[in-house]
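Summary of the model geometry
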Amino acid sequence: MRKEATINKKRDCLKMINKIISINQIETLKKWLQTEEIKNQTKRSLSVFVQIFSARSEPQWLTEVEAAIRVVAPLAVIVGSSTMGEISEGRLLTNTSVISFVFFEKTGVQGFLVDTKNQDEALVGKNLSEKIESQCQKIAGVLLLATSSSMDASHFLKGFSAGRRGTYPVFGAGAGVYEGEQKPIVTLNHHFSSSGVVAVVFTGDDIDIVVHTYLGWEPLSKELTLTETDGLWLKTIDNQPAFEVYHRYLNIEDDENFFLNVLEFPLLVERNGVVYAKTPNEVKDHHDIKFIADIKQGESARIGYGNPALIIKNARDIQDRVQAFNPEGIFIYSCTCRRFLLQHEVELETKAFQTIAPSVGFYTHGEIYSHEETVMLLNATMVTVSMKEATGKPSKAVLETVPSGPRKGKPLNCRDNRMIARLVKFFGVGTAGAGRKAAENGGEKLSTEAMVDPFNRQNNRIISQLVNFIKVVTAELEQANQEARLLAERDYLTQVYNRLKGHEFLQSEIARCNRYGQECAIMMIDVDFFKNVNDTYGHNIGDAVLVQLVKILAREIRTVDVLSRWGGEEFLLIMPQIDAQGATYAAERLRTVVEKTLFTQGLRQTASFGVATYKLGESPEAFIDRADKALYEAKQLGRNCVVSK
């Protein structure tokens, strides 16, 4: 009985410990490493896992950091990644290095590094996942850090998924850089790659890992079609150069600031009811746009924009689930466009995690997330990884992923104007926050005076892009309304007014005549023996005859006259301010022109005309009926003639 109690007590003590420090100088790290707490934790831990998230994409700097750590923890698995912003204890830091020490009591940690330069990324990914599963037992989860801007990470993950047999969670991020001329870097145990992937495998029965992700972006533009792609390059949207579409909507230029300007405007693509964001990365020859995640020809997409309220709401939902899991450490991998969008409000979605457990991470160039068998490269999302060393598995409620997975549902139509107004108001309430002056937890003081941080900017350019978007969307709506009006008013084949609009014009003209005592006339025009044309030559030729007839009539009538298609081969011509003699003369002139015209296929065609002059107080129906009777008489007289009533 006493032995069993001892075993249970030992199991109750199983736990991981996560310690975080931010540094700008090696001496700060060395001093911290010599504290009794760190030395004791290192001695009694089965394994030590260290992550270095650094604004400095420099192998020399990372080598110095690792060398200092090796003095205290010679057997630690040490990985690193260049960043686009660092997260320490749930807070944003800039131009610094954040280091996370995880001390495991029972969990094994093993690292792998593969280089993808000049190789088939999918094959490298497949080989890596097969190697992991052959060399590692009891896999609880895999962390991947990739240089996503210098390789096809989506292709790599496709291969990684193909070689993976387990259903353990896979998570991680793409390394980023502060300046475009820098190269991203990932590192494992003193080995570096600017075109590769680091994998860290967590093994054992006593480690529990739960991963969540969410988006928070909503559609702005109308639905677009990706009409031509080439790998990660999008060549045309709606058969127009891809860059021109972005330029038209957002007035974004093809210059060194393209990536920064387009960060918060990803393409939203829906696949199997799930909405994914695809962030542009580069422009080629003023036409093609490169993406870091896969795009597919023929897909529908919309230009999207982050909804701050939705982002914060989703963050709180995830925080509730993470708290229910009761982790001992949290890793945060968040797309830099979220930081760029939220600016000084960005900590609203990260800081609360620190109240649950020590939280550390960085702002990324793409996020890695697995769903069932598939490992994906996401954009514009935030991935949170909750870990703890304890017996048992998390409850089903904690593992539930909705809405933690990419946001489901159809794009939200007809809300663009209201959402844009809210966004403009959101961006107008303040300016970008300054970088943090100090990191807590024993970190050194950091001066913000000389820092260069391209993602921490004033919002006037963002507002300008939104204003341009509103202008373009408004123009598109006006054009759409105009096209709708044309469809409602015009005959589809001949493009003259339809019967409904013709009747409306006639009512207006009659009202004017009654008001001012003026004259007007109408002319009913019918193509002679038109059925024979359709039966002999086909309906396409018949349609061509009608179109040509309309062109003749439009050329010959006055600008104040209104022509409409009344039905079939019959047309109504409304002639304001004309008497019976003038109307009859006009009809005879039109009849002669039609008779002398050589129609398509060398056809000769004639028409019959019925003319009626308005009588004050007469109803539109009675007026039209008299013109109809005149047309009937013209046909009875042998066609190709004019009869007036």
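Everything quoted here is computed from the prediction, not taken from an experiment. (Residues numbered from 1 in each chain as written. Predicted model: local features only at pLDDT ≥ 70, side-chain atom pairs only at ≥ 80, totals over all residues. Heavy atoms only, no water.)

So, about the overall build of the protein. Counting its secondary structure elements, the protein contains 18 helices and 32 strands. Put simply, the protein has 645 residues, and 56% of those count as buried. When the accessible area of the protein is evaluated, it comes to approximately 28500 Å², of which 50% is carbon and sulfur surface. (Helix = DSSP H or I, 4+ residues; strand = E, 2+ residues; numbered from the N terminus. Buried < 20%, exposed > 50% of the residue type's maximum accessible area, 1.4 Å probe, protein only. Areas by Shrake-Rupley, 256 points an atom, 1.4 Å probe, with all protein chains shown as cover.)

Positive phi is not limited to glycine here, since Gln-343 has a value of about 55°. In this fold, Gln-343 is placed in the loop between α10 (336-342) and β24 (359-364). Classification of Gln-343 as buried rests on a relative accessible area of 5%. The phi torsion at Gln-577 lies on the positive side, around 50°, for a residue other than glycine.

This next bit is on the packing of helix α14 (residues 499-516) against helix α18 (residues 620-636). Their axes nearest at 10 Å, the elements α14 and α18 cross at an angle of 110°. Between α14 and α18, the interaxial angle falls into the category roughly perpendicular. Contacts from His-503, Leu-506, Gln-507 and Ile-510 in α14 reach Pro-620, Glu-621, Phe-623 and Ile-624 in α18. Of the residues in the contact of α14 with α18, the class split is 5 nonpolar, 2 polar and 1 charged. (Axes fitted to C-alpha atoms, helices over the stretch in contact; angles between N-to-C directions. Parallel < 35°, antiparallel > 145°, perpendicular 65-115°, else oblique. Contact = heavy atoms within 4.5 Å. Nonpolar A, V, L, I, M, F, W, Y, C, P; charged D, E, K, R; others polar.)

Strand order in the open sheet formed by 5 strands is β29-β30-β28-β31-β32, and the pairing between neighbours is mixed. Each of the sheet's edge strands pairs with one partner strand only, and the pair in question is β29 (562-567) and β32 (642-644). Strand-to-strand twist of the sheet, defined as the mean angle between neighbouring strand axes without regard to direction, takes the value 20°. In terms of strand pairing, strand β31 (residues 607-613) meets β32 through 3 bridges, oriented parallel. Note on β32: the bridge partner recorded for Val-611 is Ser-644. Against the sheet, helix α17 (residues 580-596) contacts β28 (520-527), β30 (570-576), β31 and β32, and its axis sits at roughly 170° relative to β31. Sitting on the sheet, α18 is in contact with β28, β29, β30, β31 and β32, with an inclination near 145° to β31. (Pairing = 2+ DSSP bridges.)

One pass over the full model with this rule turns up 14 aromatic pairs. Aromatic ring contacts, followed pair by pair, group Phe-49, Phe-104, Phe-171, Phe-202 and Phe-331 into a single cluster. In this structure, Arg-248 is placed above the aromatic ring of Tyr-249, and the distance from its NZ or CZ to the ring centre is 5.1 Å. (Phe/Tyr/Trp six-rings, centres within 6.5 Å; stacked < 30°, edge-to-face > 60°. Lys NZ or Arg CZ within 6 Å of the ring centre and 35° of its normal.)

Moving on, we get to the pattern of salt bridges. Applying the stated criterion across every chain yields a total of 29 salt bridges. Across the pair Lys-39 and Glu-36 runs a salt bridge, and its minimum N-O distance is 3.5 Å. You can see Lys-39 and its partner Glu-36 sitting in helix α3 (residues 36-44), 3 residues apart, about one turn around the helix. Judged by its relative accessible area of 24%, Lys-39 falls in the partly exposed class. The shortest N-O distance in the salt bridge between Lys-531 and Asp-535 comes to 2.7 Å. (Salt bridge = Lys/Arg side-chain N within 4 Å of Asp/Glu carboxyl O.)

Applying the stated criterion across every chain, the model contains 3 cavities of 30 Å³ or more. Considered as a void within the structure, the largest cavity measures approximately 60 Å³ in volume. Phe-259, Leu-263, Thr-279, Pro-280, Asn-281, Ile-292, Cys-335, Thr-336, Thr-364, His-365, Gly-366 and Asn-379 are the residues that line the largest cavity. Among the residues forming the lining of the largest cavity, the class breakdown is 5 nonpolar, 7 polar and no charged. (1 Å grid on protein atoms, 1.4 Å probe; cavity = no way out; pocket = protein on both sides within 12 Å on 5 of 7 lines; lining within 4 Å. Points joined across faces, edges and corners; volume = space filled by probe spheres on them.)

Helix length check: α17, at 17 residues, gives a terminal C-alpha distance of 25 Å against a target of 24 Å (1.5 Å per residue), a fit within 8%. Here α17 has its buried residues at Ala-583, Ala-586, Ala-587, Leu-590, Arg-591 and Val-594. One side of α17 holds all its buried residues, which, seen down the axis, span an arc of 140°. Exposed side of α17, more than 90 degrees from the buried face: Gln-581, Tyr-585 and Lys-596 are the residues found there. (Expected span 1.5 Å × (residues − 1). Arc of directions from axis to C-beta.)

Read across the open sheet, the 6 strands follow the order β1-β6-β2-β3-β10-β11; overall the sheet is mixed. Sheet topology places β1 (17-23) and β11 (191-193) at the edges, where each strand pairs with a single neighbour. In this sheet, neighbouring strand axes are inclined to one another by 15° on average, regardless of whether the strands run parallel or antiparallel. Two strands pair when backbone bridges link them, and strand β10 (residues 186-188) and β11 are joined in this way by 3 bridges, in the antiparallel orientation. Along β11, the bridge assignment pairs Leu-188 with His-191. Along the sheet, helix α4 (residues 59-72) contacts β1, β2 (47-54), β3 (77-82), β6 (97-104), β10 and β11; its crossing angle with β2, the most-contacted strand, is approximately 155°.

This paragraph deals with the side chain of Asp-288. On the secondary structure map, Asp-288 appears in strand β21 (residues 288-291). Side-chain polar atoms of Asp-288 contact the side chain of Lys-235, separated by 3.1 Å. Excluding its chain neighbours within four sequence positions, the residues that come into contact with Asp-288 are Trp-233, Leu-234, Lys-235, Glu-282 and Val-283. (Polar contact = N/O pair within 3.5 Å; in protein donor to acceptor, adjacent residues only side chain to side chain.)

Counting buried positions over the 5 residues of strand β9 (residues 170-174) gives 5, a clear majority of the element. Pairing geometry for strand β8 (residues 139-146) and β9, over 5 bridges, is parallel. In the strand pairing of β9, Ala-146 is matched with Gly-174.

What follows deals with the packing of helix α16 (residues 539-556) against α17. Two elements in contact, α16 and α17, have axes separated by 11 Å at closest approach and are oriented at 140°. On the basis of the axis angle, α16 is oblique to α17. Once α16 is placed against α17, the crossing between them reads as right-handed. Packed against α16, whose contacting residues are Leu-549, Ile-552, Leu-553, Arg-555 and Glu-556, the element α17 presents Arg-589, Leu-590, Val-593 and Val-594 at the interface. Taken together, the residues that form the contact of α16 with α17 break down as 6 nonpolar, no polar and 3 charged. (Left-handed = near helix turned anticlockwise from the far one by under 90°.)

Now for the confidence of the model for the protein. The predicted model of the protein has a mean per-residue pLDDT of 85, with 85% of residues at 70 or higher. Below pLDDT 50 for its whole length, residues 1-13 participates in 2 contacts with residues either more than four positions away or in separate chains. (pLDDT = per-residue confidence, 0-100.)

Strand β16 (residues 233-237) sits mainly inside the fold: 4 of its 5 residues count as buried. With 4 bridges joining them, strand β15 (residues 224-230) and β16 adopt antiparallel strand pairing. Paired with Glu-228 across the two strands is Thr-236, which belongs to β16. Pairing analysis gives 2 bridges linking β16 to strand β17 (residues 240-241), with the strands arranged antiparallel.

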